[in-house]
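Residues per chain, in single letters:
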Amino acid sequence: MTTNWQEIDLFAKNLIDRAGETIRHSFRNKLQIETKSDANDLVTNMDKEIEKFFVEKINAFDSSHHIMGEEGYGDQLTSMDGVVWIVDPIDGTMNFVHQQRNFAISVGIYEDGVGMLGYIYDVVLDELYHAHKGHGAYLNNSKLEMLKDVKLEESILALNTTWVTPHDRVPYEVFGPLVHKVRGTRSYGSAALEMAYIATGRIDGYLTMRLSPWDIAGGKVIIEEVGGIVTDLFNQPHTLLSKASVFAGNPAVHKIIYEHYLKEKLPKS
Ligand code: IPD
Ligand code: CA
Ligand code: CA
Ligand code: CA
């Protein structure tokens, strides 16, 4: 049986729309904020509520679909076989809590490991970045153009400042020269939005040492649909079954950074 992607696409967009509405309404209420792995790793009642909503609705839509979600209401997956939804109910929870902006719902839908549908929804701006493999990428109803070559010295990179301070994961010698070479760096605090910005050409690359599958699953489909590249920092594809480093970018910028700044320079971890 072939998968009806148009039907899944409509269903996913409807869920994202409803989830966004719920989140916007939640601004009126007091948030319940807890911490997870450390004092800065925040989770709220809304992260949990939205993920539960996705899991319940997807299960009712098609019980053969598998779900991976940050807050643990989905399945514990060891394989990407079949149709797999990878859901980050709120990407940028710290921004959600502190700023009530610069966060997104991120959803990627894969079949046998291939990204078929990707969504990043900026809830506050009501901007949905979305792509269907082979059918183009969009910001709301506007089709995104294919990415054009950008010179490294004219590029803007998203990079968390943590990675350019003394750190056990990456020596200063790796990212320091790169930061000096490019036109500028930014840190938005939502991996999903940073990936959406690459797809629109607002920034040209995003490098980070460790993300989870739900941080990148939606963005990967969208970026690839406009000719961008998403790998780990060793230029290897992601399995989406474990945490990994991430290097997403415009194809020209990705190539030059990998060849000149990363290849054989990063410690294996
Ligand atoms: C986080 C954001 C942030 C990135 C963190 C992620 P969350 O996701 O994407 O930008 O630096 O590593 O964990 O926890 O807000 O969904
Ligand atoms: Ca989190
Ligand atoms: Ca996330
Ligand atoms: Ca999250």
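Preceding this paragraph is the structure being described.
Residues numbered from 1 in each chain as written. Chains lettered and ligands numbered in written order. Predicted model: local features only at pLDDT ≥ 70, side-chain atom pairs only at ≥ 80, totals over all residues.

A. Molecular detail of the site of ligand 1. Near ligand 1 you find Glu70, Asp88, Asp91, Gly92, Thr93, Asn160, Gly189, Ser190, Ala191, Leu211 and Asp215, and these make up its full shell. Here the residues of the shell around ligand 1 sort into 2 nonpolar, 5 polar and 4 charged. A domain-level breakdown of the shell around ligand 1 finds at least three residues from each of domain 1 (5-143) and domain 2 (152-262). (Near = placed C-beta within 6 Å. Nonpolar A, V, L, I, M, F, W, Y, C, P; charged D, E, K, R; others polar. Domains from an automatic or database assignment.)

B. How the structure looks around the sheet that holds strand β7 (residues 127-132). Taken in spatial order, the 7 strands line up as β3-β4-β5-β6-β7-β8-β9 in an open sheet, and their pairing is mixed. With one partner strand each, in any of the chains shown, β3 (66-69) and β9 (142-143) form the two edges of the open sheet. Taken together, the 6 bridges between strand β6 (residues 114-122) and β7 define a ladder with antiparallel strand orientation. Bridging across to β7, Leu117 finds its partner in His132. The strands that helix α2 (residues 45-61) touches are β3 and β4 (83-91); relative to β4, the one it contacts most, it runs at about 160°. (Pairing = 2+ DSSP bridges. Helix = DSSP H or I, 4+ residues; strand = E, 2+ residues; numbered from the N terminus. Contact = placed C-beta atoms within 7 Å. Axes fitted to C-alpha atoms, helices over the stretch in contact; angles between N-to-C directions.)

C. Structural context of the packing of helix α5 (residues 191-200) against helix α6 (residues 213-225). Axis separation between α5 and α6 bottoms out at 8 Å; the angle between their running directions is 5°. Classed by the angle they form, the pair α5 and α6 counts as roughly parallel. Of α6, the residues touching α5 (which contributes Ala191, Ala192, Met195, Ala196, Ile198 and Ala199) are Asp215, Ile216, Gly218, Gly219, Ile222 and Ile223. The residue makeup of the contact of α5 with α6, split by class, is 9 nonpolar, 2 polar and 1 charged. (Parallel < 35°, antiparallel > 145°, perpendicular 65-115°, else oblique.)

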